[in-house]
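What follows is the residue order along each chain.
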Amino acid sequence: MTNTDTAAPESNTDTVGPDTAAPDTAAPAAAAEVAGSAHLLGFSDEILLHILSHVPSTDLVVNVRHVCRKLAALSLDKSLVHTVLLQKDYQASEDKVKQLVKVIGREIQQLSMAGCYWLSGVTIEHVARCHSLVKVNLSGCHLTSLRLSKVLSALQQLRSLALDVIPGFDASQLSSECRATLSRVQELKQTLFTPSYGVVPCCASLQKLLLYFEILDRTREGAVLSGQLMVGQSNVPHYQNLRVFYARLAPGYINQEVVRLYLAVLSDRTPENLHAFLISVPGSFAESGATKNLLESMARNVALDALQLPKSWLNGSSLLQHIKFNNPFYFSFSRCTLSGGHLIQRVINDGKDLRSLASLNLSGCVHCLSPDSLLRKAEDDIDSSILETLVASCCNLRHLNLSAAHHHSSEGLGRHLCHLLARLCHLRSLSLPVCSVADSAPRADRVPAQPAMHAVPRGFGKRVRIGVQTCPGPFAGQQPSSAFWSLLKNLPFLEHLELIGSNFSSAMPRNEPAIRNSLPPCSRAQNVGDSEVAAIGQLAFLQHLTLAQLPGILTGSGLVSIGLQCQQLQSLSLANLGMMGKVVYVPALSDMLKHCRQLKDLRLEQPYFNANAQFFQALSQCASLQRLCLVSRSGTLQPDAVLAFMARCLHVVMCHMFTGESLATCKSLQQSLLRSFQAERPALNVVIFPLLHEGLTDVIRDVPMVHLDEITLFKSRVAEEPPNLWW
């Protein structure tokens, strides 16, 4: 809604001169438009406020409030200006943000500018005018120590803060007024890009501490970083009131070295009110004397509601037998060698009521559904009684991750993993290995779906007739006896679904060169094909979908069913569909994309993918698309098609393409995109680079964390963190 929209009816009368008569149809059309506007403003204030709550705050201030007096008053209503969320408002330019702060700054109590990497430090500094702020999220923003000090000095009501600690941060530059503000902060989220305590020692009232370690082992010049914090920094964090401690580490020894310094203080005296202790570490993280003391103290003195520990701390340990739990809402045992027997005895306590548990991450726990990890091979069938006990005890689960393992079901009525999970009617997000949804054995009576014939573009314009589903019915051709079909039928409100091959690994890992070879998929995954993918079309509320390493895909016809039926789909990640080396699903994908009107994020990882004009033409019909990431070993792209796509899709602000093209071709295309679109899209982030080039790691380090973490790097996101960890 803009000024020009409301002025249109008046300007129409000026186009008719004194010697001409307007066509008969003009007056009714103008009257209808005016009547429509009057009808909208005739709604009650409550309804209009609800409508306006979906309009970006910058639009309310810059545009909507100038439409008329009524909207001017409503746009500045306390319910709309109390909380301002600018993250992913990619149209929030420097001028718009400054104007917003000028008009409603004193009314804002909660402000999130997370990931606003395109805003300058000068603009971020205007936050200091929002004197009523209680919560502010500045993660991903460019702030020096001096600017941070100036902002925080003015925010005396602040109780919740998120920020980045970047190279060059100097705590000695923080003013006494800034330190006074920090002393009252109760919730702190701190992302570290350099070895430092950041502002933690200044926060004497901390109750919640979230630490994200993103420190690289080497500088750009190749110098090896040390985990020893800079001389002169305080090393006495205030943990006495701490209730939540969370640490997430990126790969690298330096991050482990630094987190140990944070944990050392905790090991001396465990906070009495601690109820959530979570450490997420990729790979191995050896125990030390200090961490052993910490865990022993926790077992004696606290009762936890949420727990996640490095796998090496739990493997072979009796720790779970001794830790006390109150009303647990989150457990993560990702990558632990936790057997089903230990899971039942030590966590579920032989069927103890765990109705409080909302989120459970068993990703990579290859033995968690078998009684004994020592005697089981990875491809052996699961013990369905263990899963049955888990489902019965944790009946209110909303988020469940069982990916990165081989969970094969044996023959038996109602004993399939899908049939048992179907009892978890409250699930909203679910991650499963592809082989786990396959029927126990291939059925001779099963025939593939017979989709309608439909002409779709293929190659360079030649039209062929292939089998893709265009029928509105989402269950056309489905066999009611399919376990996966039955599971999805019983979970109609599922919003997030992941099907990831047990052996899948992305060609683009974190902080390492690209992977040139990958493990073959599980043999049972061959039985999961187009008809199973089509069954996903039952999920009318689906918003996020990941499909990775499905070798049984033949034509991709099931994708069309998803596009037709899942109209709320916002993010889609596809990787390694069909047989390796053969990209056979592109026509169906193109047909699917035509229906994805709400799609904002698309990640596509497929070797030998040809990103040609037909693909980008189909993608251009995704009117809401904002972020695109293409990863293709030996893949190709057409620069002219990319430029035309960006010109048509006005909301795209992230374009990452890692293919087999030459460095010269990639650099030329990247420069052309930035030159053509940077001025009108301030948040535009473009990275075009050869996937197997040795300089890829250095290029990745410059990608804004909001894009790198959410889309560029592949990972399972279901139950990755406790629900509502940060606002």
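Residues numbered from 1 in each chain as written. Predicted model: local features only at pLDDT ≥ 70, side-chain atom pairs only at ≥ 80, totals over all residues. Heavy atoms only, no water.

Engineer: Where do I start with the overall build of the chain in this structure?
Structural biologist: Looking only at helices and strands, the chain features 26 helices and 24 strands. The buried share of the chain, reckoned over its 727 residues, is 52%. Relative to all contacts within the chain whose residues are 6 or more apart in sequence, the contacts with residues 24 or more apart total 77%. When the accessible area of the chain is evaluated, it comes to approximately 30,500 Å², of which 52% is carbon and sulfur surface. (Helix = DSSP H or I, 4+ residues; strand = E, 2+ residues; numbered from the N terminus. Buried < 20%, exposed > 50% of the residue type's maximum accessible area, 1.4 Å probe, protein only. Contact = heavy atoms within 4.5 Å. Areas by Shrake-Rupley, 256 points an atom, 1.4 Å probe, with all protein chains shown as cover.)

Engineer: How should I be thinking about helix α12 (residues 289-301) in this particular structure?
Structural biologist: At 3.6 residues per turn, the α-helix brings residues three or four places apart onto the same side. In a regular helix each residue adds 1.5 Å, so 13 residues correspond to 18 Å; α12 covers 18 Å between its end C-alpha atoms and thus fits that length. Looking only at α12, the buried set comprises T291, L294, L295, S297, M298 and A299. The elements touched by buried residues of α12 are α11 (253-268), β8 (276-280), β9 (303-308), α13 (311-314), α14 (319-322) and β10 (324-332). (Expected span 1.5 Å × (residues − 1).)

Engineer: When you look at the packing of α11 against α12 in this model, what are you seeing that I'm missing?
Structural biologist: A pair of packed helices is captured by two measures, namely the crossing angle of their axes and the spacing between those axes. One can describe the packing of α11 onto α12 by two numbers: an axis separation of 9 Å at closest approach and a directional angle of 45 degrees. Here α11 lies oblique to α12, going by the angle between them. Here α11 runs over α12; the crossing is left-handed. From α11, R260, L263, L266 and S267 reach across to α12, where they touch A290, T291 and L294. (Axes fitted to C-alpha atoms, helices over the stretch in contact; angles between N-to-C directions. Parallel < 35°, antiparallel > 145°, perpendicular 65-115°, else oblique. Left-handed = near helix turned anticlockwise from the far one by under 90°.)

Engineer: Honestly, the packing of helix α23 (residues 639-648) against helix α24 (residues 663-677) in this entry has me stumped. Any pointers?
Structural biologist: For the pair α23 and α24, interaxial distance at closest approach is 11 Å and the crossing angle is 20 degrees. Judged on the interaxial angle alone, α24 and α23 are roughly parallel. Read as a crossing pair, α23 and α24 show a hand that is right-handed. Across the interface between the two elements, P639, V642, L643, M646 and A647 of α23 pack against T665, L669, S672, L673 and F677 of α24. Of the residues contributing to the contact of α23 with α24, the split by class is 8 nonpolar, 2 polar and no charged. (Nonpolar A, V, L, I, M, F, W, Y, C, P; charged D, E, K, R; others polar.)

Engineer: Even after reading the chapter, I still don't get the layout of surface pockets, so can you show me in this structure?
Structural biologist: The method is simple in principle: a probe with the dimensions of a water molecule rolls over the atoms, and the space it marks as empty is what remains. Quantified by volume, the second largest pocket comes out at close to 1,400 Å³. Taken together, 46 residues make up the lining of the second largest pocket; nearest its centre are P282, R335, F714, K715 and S716. Secondary-structure elements contributing two or more residues to the lining of the second largest pocket are β7 (244-249), β8 and α26 (705-712). A breakdown of the residues in the lining of the second largest pocket according to their chemical character gives 21 nonpolar, 16 polar and 9 charged. (1 Å grid on protein atoms, 1.4 Å probe; cavity = no way out; pocket = protein on both sides within 12 Å on 5 of 7 lines; lining within 4 Å. Points joined across faces, edges and corners; volume = space filled by probe spheres on them.)

Engineer: Which parts of the structure should I look at to understand the nonpolar core?
Structural biologist: Side chains that are nonpolar tend, in soluble globular proteins, to be buried together. The biggest cluster of nonpolar side chains holds 181 residues, and the ones touching the most others in it are M113, F245 and L421. For this core, the element with the highest residue contribution is α11, accounting for 6 residues. In this structure M113 touches L86, V97, L119, I124, V127, N137, L138, S139 and C141, once residues within four positions along its chain are discounted. In terms of nonpolar packing, the next biggest core, distinct from the first, is built from 16 residues, L691, L696, L708 and I711 among them. (Core = buried A, V, L, I, M, F, W, Y, C linked by side-chain atoms within 4.5 Å.)

Engineer: I keep staring at empty space enclosed by the protein and nothing clicks. Help me out?
Structural biologist: Inspection of every chain in the model, using the stated rule, returns 3 cavities of 30 Å³ or more. By volume, the largest cavity amounts to about 90 Å³. Taken together, 14 residues form the lining of the largest cavity, with A507, N576, E605, P607 and R633 sitting closest to its centre. Residues that form the lining of the largest cavity fall into these classes: 6 nonpolar, 6 polar and 2 charged. Around the second largest cavity, the lining residues are M508, P509, N511, E512, L696, T697 and I700. For the lining of the second largest cavity, the per-class residue count stands at 4 nonpolar, 2 polar and 1 charged.

Engineer: Where do I start with the side chain of T123 in this structure?
Structural biologist: Relative to the elements of secondary structure, T123 occurs in helix α8 (residues 121-124). If we skip the residues at most four places from it in the chain, T123 touches E94, V97 and K98.

Engineer: Quick question: what am I supposed to make of the pairing of strand β21 (residues 627-631) here?
Structural biologist: A regular strand carries its side chains on alternate faces of the sheet. Among the 5 residues in β21, 5 count as buried, and that is most of the element. Neither face of β21 is open: one carries R627, C629 and V631, the other L628 and L630, and all of them are buried. Two strands pair when backbone bridges link them, and strand β19 (residues 601-605) and β21 are joined in this way by 5 bridges, in the parallel orientation. Paired with L602 across the two strands is L628, which belongs to β21. Of the pairings in the sheet, the one linking β21 to strand β23 (residues 654-659) comprises 5 bridges and is parallel in character. Bridge assignment links V631 to a residue of β23, and that residue is F658. (Pairing = 2+ DSSP bridges.)

Engineer: What should I look at first to understand the environment of C649 in this one?
Structural biologist: Among the secondary structure elements, C649 is positioned in the loop between α23 and β23. Separated by 29 residues in the primary sequence, C649 and S620 place their C-alpha atoms 5.9 Å from one another.

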